[in-house]
Amino acid sequence: MSRFGIRGAQTSRDRVEPRRAPRRRAVGRAILAGSASVVLLVAGCSAGDDGGEAEAPSSEATSFPVTIEHTYGSATISEQPERVVTVGLMDQDALLALGIVPVATTEWFSAQPGSIHPWATDELEAAGGELPEVVGDSSAINFEGILEQDPDLILALYSGISEEDYQRLSDIAPTVAQPEGQVDYGIGWEELTRTVGEAVGMPDEADDLIADVEAQFEAARTEYPEFAGATAVMAMPYEGVFVYGPDDPRGRFLTELGFELPAGIADLAGDSFGASLSEEQVDLLDVDVIVWIDSSETDEVGGPLYRSLPVHTEGREVFADSEDPVGVATSFVTVLSLPFLLEELVPVLADRVDGGASD
């Protein structure tokens, strides 16, 4: 078992009881409610205690106003934003990577202070260390809390906000909603980073960040050529088995490594980020490696048919606990979390593809 809670399948004599947290199942349900009307998944400068603001980073490449298209129209940002609120559940990472601390965030996972996770704490410290306020969580938008922050920009990129919610937010400040033509909670880390860079006047810096992470993916593909053409899927126990499709950041993480998602997953997911499998569809999980989110090898995941598949009987499973940093990063796919995830999760995936059954 890694120090961060990523666990591969073990033999019956080697099993170790994983840590269990009382909120784990509740978190799982929140992740999967992204297609509902509430703000769920599966998502400036910091004001000081005296209300003052630090000077925002600037970019010579962009002049304001900037207009950004999104699913409900467009948002025009008239000048360099100084007080940014993130409603999108992962949007804060792109801001921090650019040296900007949001004044407020929306909590998704594991009650981290300011909703800032371990892979982003160095960037927070470099930007001054002032934690954002957390104004609500993934169950609903806290409009009153956002209004109190007096934002000049609201980011709702990794979100599923409704048009009504968008209108209420845009009455407070220019709001960049999820992209047009994509599933809710489907924006990729590259587009999220690039869009945030445009919104704060730092497009060149955003492109540099993207290029750096893309180079790390290329290095991983080179180091692990066995990923190319192998099949993989991320799933979680929810209403049977819920699988993440090609339009979800988790599915794209696998394909960016060279894996292929099982045939039929895309059709099953349709216009959502994933879907639940019926009993007769469990054979879609007959893959070279599977990542179980919010589960453990001691859980009876997948049902009897799944447990007869080689991916289970040969130990080609990885179990990610959403109360541990790597487990969170497995869903929190951003320009900051990906280097951490590539370092911690990818070697375990390689071990499972090769048939490893112990840590």
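Because the structure is a prediction, the values reported are computed rather than measured.

**Quick look at helix 5 (residues 163–172)**
Burial in helix 5 covers these residues: D165, Y166 and L169. Along the long axis of helix 5, the arc covered by the buried residues comes to 100°, so they all point the same way. Opposite the buried face of helix 5, at more than 90 degrees from it, the exposed residues are E164 and D171. Where helix 5 is buried, its residues meet strand 2 (66–70), strand 3 (73–77), helix 4 (143–148), strand 7 (153–155) and strand 8 (175–176).

**So, the packing of helix 7 (residues 203–223) against helix 13 (residues 337–344)**
Look at helix 7 against helix 13: their axes get within 10 Å of each other, and the N-to-C directions meet at 15°. Comparing their axes, helix 13 and helix 7 come out roughly parallel. When you trace helix 7 past helix 13, the crossing you get is left-handed. On helix 13, the residues that touch V213, Q216, F217 and A220 of helix 7 are L338, P339 and L342. A breakdown of the residues in the contact of helix 7 with helix 13 according to their chemical character gives 6 nonpolar, 1 polar and no charged.

**Structural notes on the nonpolar core**
As a rule of thumb, soluble globular proteins bury nonpolar side chains together. Grouped together as the largest cluster of nonpolar side chains are 75 residues, with contacts concentrated most on L155, F227, F253, L257, F259 and L349. In this structure F227 touches L257, G258, F259, V346, L349, A350 and V353, once residues within four positions along its chain are discounted. Membership of the second largest hydrophobic core comes to 17 residues, among which are V243, V282, L284 and L285.

**Looking at unusual backbone geometry**
Cis geometry marks the peptide bond from F64 to P65; its omega dihedral reads 10°. Within the element layout of this structure, P65 appears in the loop between helix 1 (24–32) and strand 2. The phi dihedral of S115 is positive, around 55°, even though this residue is not glycine. Relative to the assigned elements, S115 resides in the loop between strand 5 (104–107) and helix 3 (121–126). Its relative accessible area of 1% is what places S115 among the buried residues. Backbone geometry places Y185, a non-glycine residue, at a positive phi of 55°.

Cut-offs used in this document
Residues numbered from 1 in each chain as written. Predicted model: local features only at pLDDT ≥ 70, side-chain atom pairs only at ≥ 80, totals over all residues. Heavy atoms only, no water. Buried < 20%, exposed > 50% of the residue type's maximum accessible area, 1.4 Å probe, protein only. Helix = DSSP H or I, 4+ residues; strand = E, 2+ residues; numbered from the N terminus. Arc of directions from axis to C-beta. Contact = heavy atoms within 4.5 Å. Axes fitted to C-alpha atoms, helices over the stretch in contact; angles between N-to-C directions. Parallel < 35°, antiparallel > 145°, perpendicular 65-115°, else oblique. Left-handed = near helix turned anticlockwise from the far one by under 90°. Nonpolar A, V, L, I, M, F, W, Y, C, P; charged D, E, K, R; others polar. Core = buried A, V, L, I, M, F, W, Y, C linked by side-chain atoms within 4.5 Å.

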